[in-house]
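Understanding the architecture of this molecule
Take a look at the letters that make up each chain.
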Amino acid sequence: MHKHLQNLQRLCQKMQTRYGEDDDLVIQLKQEMAAFEAKAAKDSQAINKGRRHLDLTQAAHALH
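Basis of the calculations
Residues numbered from 1 in each chain as written. Predicted model: local features only at pLDDT ≥ 70, side-chain atom pairs only at ≥ 80, totals over all residues. Heavy atoms only, no water. Helix = DSSP H or I, 4+ residues; strand = E, 2+ residues; numbered from the N terminus. Areas by Shrake-Rupley, 256 points an atom, 1.4 Å probe, with all protein chains shown as cover. pLDDT = per-residue confidence, 0-100. Expected span 1.5 Å × (residues − 1). Buried < 20%, exposed > 50% of the residue type's maximum accessible area, 1.4 Å probe, protein only. Arc of directions from axis to C-beta. Core = buried A, V, L, I, M, F, W, Y, C linked by side-chain atoms within 4.5 Å. Contact = heavy atoms within 4.5 Å. Patch = residues over 30% accessible without salt bridge, like charges linked within 9 Å, V, L, I, M, F, W, Y side chains within 5 Å. Salt bridge = Lys/Arg side-chain N within 4 Å of Asp/Glu carboxyl O. Lys, Arg positive; Asp, Glu negative; His and termini not counted. Charge placed at Lys NZ, Arg CZ, Asp CG, Glu CD.

Some remarks on the overall build of the protein
Tallying secondary structure elements over the protein gives three helices and zero strands in all. Working note: accessible area of the protein is about 5800 Å², and carbon and sulfur atoms make up 53% of it.

Have a look at this one:
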C-alpha cells in the first residue's frame, strides 16, 4: 500500500506542475489521496491493535 501512495504522490506532483494547483483534476486527486491516506492509517491501526509497543518498534528476533 505504501508503494501505491508514493505513486499517487508522484502523479499529483507532476499534475500540479503541468496544470497548476487550481485544476479540477489536481484537486480531485488530492482528495482521493487524502481518503487513501486516511484508510491506510485506519488499516494500520487495526492491524497493530493489541500489540505491545516494543513489538511494533523492533524487528522480530530469532529464538536461537
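And the narrative resumes.
A short note on the confidence of the model for the protein
Do not read the predicted coordinates in detail wherever pLDDT is low. On average, the protein scores 80 in pLDDT, and the residues at 70 or more come to 69%. Here helix H3 (residues 53-57) stands out as the element of the protein with the lowest mean pLDDT, 58, in contrast to helix H1 (residues 2-19), whose mean of 90 is the highest.

Thoughts on H1
Helical periodicity: at 3.6 residues per turn, an α-helix aligns residues three or four positions apart in one direction. Between its first and last C-alpha, H1 extends 26 Å over 18 residues, near the 26 Å set by a 1.5 Å rise per residue. For H1, every residue scored as buried is listed here: Leu5, Leu8, Cys12 and Met15. Angularly, the buried residues of H1 cover 85 degrees about the axis, an arc narrow enough to put them on a single face. Among the exposed residues of H1, those oriented more than 90 degrees off its buried face are His2, Lys3, Gln13, Lys14, Thr17 and Arg18.

Examining the nonpolar core
Within the largest apolar cluster, eight residues are counted, these being Leu5, Leu8, Cys12, Met15, Val26, Leu29, Met33 and Phe36. Where this core is concerned, the elements lending two or more residues are H1 and helix H2 (24-48).

Describing the environment of Glu37
You can see Glu37 is positioned in helix H2. Under the relative-accessibility criterion, Glu37 is labelled partly exposed at 34%. In this structure the C-alpha to C-alpha distance between Glu37 and Leu5, which are 32 residues apart in sequence, comes to 7.5 Å. With near-sequence residues (within four places) excluded, Glu37 lies in contact with Leu5 and Gln9.

Thoughts on a positive patch on the surface
A cluster of basic side chains, namely Lys3, Arg10, Lys14 and Arg18, defines a positive patch on the protein surface. With respect to the secondary-structure elements, Lys14 resides in helix H1. Judged by its relative accessible area of 59%, Lys14 is exposed.

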